Amino acid sequence: MRALLARLGLNGRTLVIAVPMVWLLVFFLIPFLVVLKISVAEPLIARPPYSPLFVDGAIKATFSNYAYLWQDALYINAYLSSIKIAFFATVLALLIGYPMAYYIARSAEPKRSLLLLLIVLPFWTSFLLRVYAWIGILKTKGILNLILMKIGVISEPLIIMQTDIAVYIGIVYTYLPFMILPLYANLVKLDDSLLEASTDLGARPVTTFIKITLPLSLPGIIAGSMLVFIPAIGEFVIPALLGGPDTLMIGKILWSEFFSNRDWPVASAVAIAMLVLLVIPIMLLRMAEGKQGAAT
Amino acid sequence: MSQQLTACERRPWIEAVETPFIRIKNITKSFGDFAAVDDVSLDIYKGELFCLLGGSGCGKSTLLRMLAGFETPTSGHIEIDGQDMAGVSANLRPTNMMFQSYALFPHMSVEHNIAYGLLREGISKPEAMARVGDMLALVKLGDFAARKPHQLSGGQQQRVALARSLVKRPKLLLLDEPLGALDKKLREETQFELIQIQESLGVTFIVVTHDQEEAMTLSTRIGVMDAGKIVQIGEPPQIYEAPDTKFVADFIGSVNMFEGKVDVAVADTLRIKTSDAGVDLVVDTHQNVDAHQKVWIAVRPERIVISRDKPKADNVVKGMVEEVAYLGNLSIYRVRLGTGKVLKVTKSNRLHDGAAIKWDEDVYLSWSAAAGVVLTK
């Protein structure tokens, strides 16, 4: 067996790497190439609903689908709106998640494990069900409005469902654990004696936080923000269920191109453009991580 | 009293002519049922280099952290330069601390680390940087100002930590195992540098250490701690030559201990009956002891003479060499007496010594009545 592997130029180490490589090749790269191929085809009323890539041995590709994305303001607006929603949702998740992560990291051991368990507990329920549950909370006759009216904070029910606010609530709620966990992993490593040294040198608690804790937790902030920002840009379920007709997000556009318009080539072009849009922040993350790695 | 003299030369603790600079009064710190520091009172004078010496868990670090303001005493008072420290938070105390791990800010350069405390005081940036420059020159790190802590060796990091804690000119500098992370050679060099810096700045130092050699080298006085209490305070020779208790005698250096009963006392010389030595031992003391009282005699290994021929001395015992360790400048012998008791003896190696004493040789061990110390607890 070993001799056979050696003849094939494989050893244990390459074999271990080969398994995920094959997985990525089959389930990521090949589908990506298929989508890329469709994005340069022309729509046809046929089955499949696009023109083939190879016609009489020659490659027949068109970039008109990408040009179309640029010409129709809908797509650019949807991209910009997605980035805007993802950005503000990330900032909100950071503002809510940082104090939570800090508190958990500073807690003593049995309590800390319990709090971490509570953070990951929602994952035990289906994501879709949890988003549906928010409809029950946010709708006009939902739990939130009933409680607020009961205690007399408002007299008229708040219209939250089918607005951008509902989308923000949904995204921040869903992705908060992805912000908290990397922040926690970073903050828990923070050396107490650094904070004591800062205090000892005359810094007030606020100064210690700004000058010491915050800069040292920057890798955690970047990692958490990327983990929220990247999936939030392409989010489809949350804007579809909680958002209204005005909520413009690229995931929704993609869905309607595919399933309502049945314009597969344009839908594919939207998907590829979104991928490119996402690759940039991922690369920024990798660069930041690389810099961090070189520093330690 | 002259300001020119260092605390080591003035020795204000001999006669109480000076007001103590730091007064620790009946300080107790309890964690649940456990008293980490148990009713400790201590006066420290200006310009002293005071060492708190003890094993791990003896409460020395907790005492230091209470002085810094990181721990609140369960009861008792701390006064620094006449000011009660109760209710003064750590960032407002006139103390600075050098941490055992150094606690250098990893994201800041050496000079920003040192400037940190000055900038928090509201000192202007140019003035702060000038003082940082002076401090870097003092610790001989002028060329390393722009480096990050991780680009420095352990010894260099130690100096940065020292510079950072001294730059604010604290009234009191607290050092937690300041040399603990350095290797032996570097530690010895750094000890003397630390004393020089301390004397040139005149800052009062309190050093926590578990290393008795370090405490002996550095300090004007040593406070030996055990189980949350200070068991003896004294100058290094006093602690070594005249320990109050068996614990102190055993903790500082190595010692041979004989247990026995007082037989007769003639003036200041006692005759002690002991089964450990096989013969009665003679020892000088100024302590008042009763006849038949149980006592211990502590004899340092270097006070015992080892010889092949029977010498004339106050105390002579016979034994056989069990082990010899040659350390270059001296040799350590472990000699088993007829009673089964093993004594440790050190002998410095001189040029004109005859044939060295070897394993399994029969030898005589002798020491004078003045060499032993009588301990009653």
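Small disclaimer: the values here were computed from a predicted structure and weren't measured.

What follows concerns the overall build of chain B. Scanning chain B from terminus to terminus reveals nine helices and 20 strands. Projecting the C-alpha coordinates of chain B onto the three principal axes gives extents of approximately 75 × 45 × 45 Å. Across the 377 residues in chain B, those meeting the buried criterion constitute 39%. Long-range contacts, defined as pairs at least 24 residues apart, comprise 64% of the intrachain contacts of chain B with a sequence gap of at least 6.

For chain A, the helix and strand inventory stands at 14 helices and two strands. Computed over its C-alpha atoms, the radius of gyration of chain A comes to 24 Å, more than 25% above the 19 Å expected for a compact globule of 296 residues. For chain A, the proportion of its 296 residues judged to be buried stands at 30%. By sequence separation, contacts in chain A at least 24 residues apart represent 69% of the contacts at least 6 residues apart.

This paragraph deals with the pairing of strand β17 (residues 330-337) of chain B. Residues and elements named next belong to chain B. Relative to β17, strand β16 (residues 315-326) runs antiparallel, the two sharing seven bridges. Each residue of the ladder has a partner; that of tyrosine 326, found in β17, is serine 331. Adjacent in sequence and paired antiparallel, β16 and β17 are bridged by three residues, among which glycine 328 carries a positive phi angle near 95°. Note: β17 against strand β18 (residues 342-348), seven bridges, orientation antiparallel. Its bridge partner being in β18, arginine 336 is matched across the sheet by valine 342. Counted between consecutive antiparallel strands, the loop separating β17 from β18 contains four residues, among which glycine 340 sits at a positive phi close to 95°.

So, on to the sheet that holds strand β13 (residues 281-284) of chain B. Two pairing modes exist for strands in a sheet, parallel and antiparallel, and in both the strands are linked by backbone hydrogen bonds. All names here are of chain B. Pairing is antiparallel across the open sheet formed by five strands, whose spatial order is β13-β12-β11-β14-β20. Every other strand in the sheet has two partners, leaving β13 and β20 (372-375) as the edge strands with one partner each. When strand polarity is set aside, the average angle formed by the axes of neighbouring strands in this sheet is 45°. Taken together, the four bridges between strand β14 (residues 294-299) and β20 define a ladder with antiparallel strand orientation. Bridge pairing links tryptophan 296 to leucine 375 in β20.

All names here are of chain B. An order of β15-β19-β16-β17-β18 is seen for the five strands of this open sheet, with the pairing classed as antiparallel. Every interior strand has two partners, whereas the edge strands, β15 (305-307) and β18, have only one. Strand-to-strand twist in this sheet, taken as the mean axis angle between neighbours without regard to direction, amounts to 45°. One ladder, built from six bridges, connects β16 with strand β19 (residues 362-367); its direction is antiparallel. Paired with valine 317 across the two strands is leucine 365, which belongs to β19.

Next up on the list: the interface of chain A and chain B. Each side of the interface is counted separately: chain A has 15 residues, and chain B has 16 residues. Counting residues per element, the ones that place at least two in the side of chain A that touches chain B are α9 (192-200) and α10 (205-216) of chain A. For the side of chain A that touches chain B, the leading source of residues is α9(A), giving six residues. Partitioned by chemical class, the residues of the side of chain A that touches chain B number seven nonpolar, four polar and four charged.

Attention now moves to the packing of helix α3 (residues 110-120) of chain B against helix α5 (residues 154-166) of chain B. Residue and element names in this part refer to chain B. Orientation of α3 relative to α5, taken along the N-to-C sense of each, is 25°, at an axis distance of 7 Å. Overall, the two elements α3 and α5 adopt an arrangement that is roughly parallel. The hand of the α3/α5 crossing is right-handed. Taking contact as the criterion, the partners of Val110, Asn113, Ile114 and Gly117 in α3 are, on α5, Val160, Ala163 and Arg164.

Unlike most non-glycine residues, A:Arg262 shows phi in positive territory, near 50°. Tracing the backbone shows A:Arg262 in the loop between α13 (250-259) and α14 (264-295). With a phi close to 50°, B:Ala227 is a non-glycine residue in the positive phi region. You can see B:Ala227 is positioned in the loop between β9 (221-226) and β10 (229-234). Take B:Ala227: there are 14 C-beta atoms within 10 Å of it, and that puts it in the partly exposed class.

All names here are of chain B. Summarising the sheet, strand β1 (residues 22-31) and strand β2 (residues 34-44) pair through seven bridges and their orientation is antiparallel. Within the sheet, the bridge partner assigned to serine 30 lies in β2 and is alanine 35. Taking the residues that link successive antiparallel strands as the turn, the β1-β2 hairpin has two residues, and the phi of glycine 32 there is positive, at about 65°.

Bringing the environment of B:Ser366 into the picture now. Within the element layout of this structure, B:Ser366 appears in strand β19. Taking C-alpha positions, B:Ser366 is 8.8 Å from B:Lys318, a pair spaced 48 residues apart along the chain.

Where burial is concerned, most of α3(B) is hidden: nine out of the eleven residues are buried. Of the positions making up α3(B), those classed as buried are B:Val110, B:Glu111, B:Asn113, B:Ile114, B:Ala115, B:Tyr116, B:Gly117, B:Leu118 and B:Arg120. On its buried face, α3(B) sits against α10 of chain A together with α4 (125-138) and α5 of chain B. Immediately downstream of α3(B), the backbone of B:Gly122 shows phi near 90°, a positive value.

Residue and element names in this part refer to chain B. Checked against the element boundaries, leucine 343 lands in strand β18. Taking the C-alpha atoms as reference points, leucine 343 and proline 301, separated by 42 residues in sequence, lie 7.9 Å from one another. Those residues in contact with leucine 343, other than ones at most four positions away along the chain, are Asn256, Ile304, Gly319, Val335, Leu337 and Leu365.

With that settled, the discussion passes to the environment of B:Lys261. Residues and elements named next belong to chain B. Tracing the chain through its elements places lysine 261 in strand β11 (residues 256-266). Spatially, the C-alpha atoms of lysine 261 and valine 295 are 5.9 Å apart, while their sequence positions differ by 34 residues. Excluding its chain neighbours within four sequence positions, the residues that come into contact with lysine 261 are Ile272, Lys273, His292, Gln293 and Lys294.

Our next topic: the nonpolar core. Grouped together as the largest cluster of nonpolar side chains are 103 residues, with contacts concentrated most on B:Ala163, B:Leu174, B:Ile206 and B:Ile297. Judged by nonpolar contacts, the second largest core, of 55 residues, contains A:Leu138, A:Ile169, A:Ile233 and A:Leu242.

Should pLDDT be low for a region, the predicted coordinates there are not to be read in detail. Of the residues in chain B, 98% have a pLDDT of 70 or more, and the chain-wide mean is 90. Our summary of model confidence lists the complex with pTM equal to 0.82 and ipTM equal to 0.84.

It is worth spelling out the confidence of the model for chain A at this point. Considering every residue of chain A, the mean pLDDT works out to 89; 96% of them sit at 70 or more. Of all secondary-structure elements in chain A, the lowest mean pLDDT belongs to helix α1 (residues 2-7) of chain A, at 71, while α10(A) reaches the highest, 96.

All names here are of chain B. With their axes 9 Å apart at the nearest point, α3 and α4 run at an angle of 130° to one another. Considering their axes alone, α3 and α4 lie oblique with respect to each other. Both α3 and α4 take part in a crossing whose hand is right-handed. Where α3 abuts α4, its residues Glu111, Ile114, Ala115, Leu118 and Leu119 lie against Ala128, Met129, Arg131, Val132 and Met135.

What counts, and where the lines are drawn
- Residues numbered from 1 in each chain as written.
- Chains lettered and ligands numbered in written order.
- Predicted model: local features only at pLDDT ≥ 70, side-chain atom pairs only at ≥ 80, totals over all residues.
- Helix = DSSP H or I, 4+ residues; strand = E, 2+ residues; numbered from the N terminus.
- Buried ≥ 20, exposed ≤ 12 C-beta atoms within 10 Å, placed from the backbone.
- Contact = placed C-beta atoms within 7 Å.
- Rg over C-alpha atoms; globule rule 2.2 N^0.38 Å.
- Pairing = 2+ DSSP bridges.
- Axes fitted to C-alpha atoms, helices over the stretch in contact; angles between N-to-C directions.
- Nonpolar A, V, L, I, M, F, W, Y, C, P; charged D, E, K, R; others polar.
- Parallel < 35°, antiparallel > 145°, perpendicular 65-115°, else oblique.
- Left-handed = near helix turned anticlockwise from the far one by under 90°.
- Core = buried A, V, L, I, M, F, W, Y, C linked by C-beta atoms within 7 Å.
- pLDDT = per-residue confidence, 0-100.

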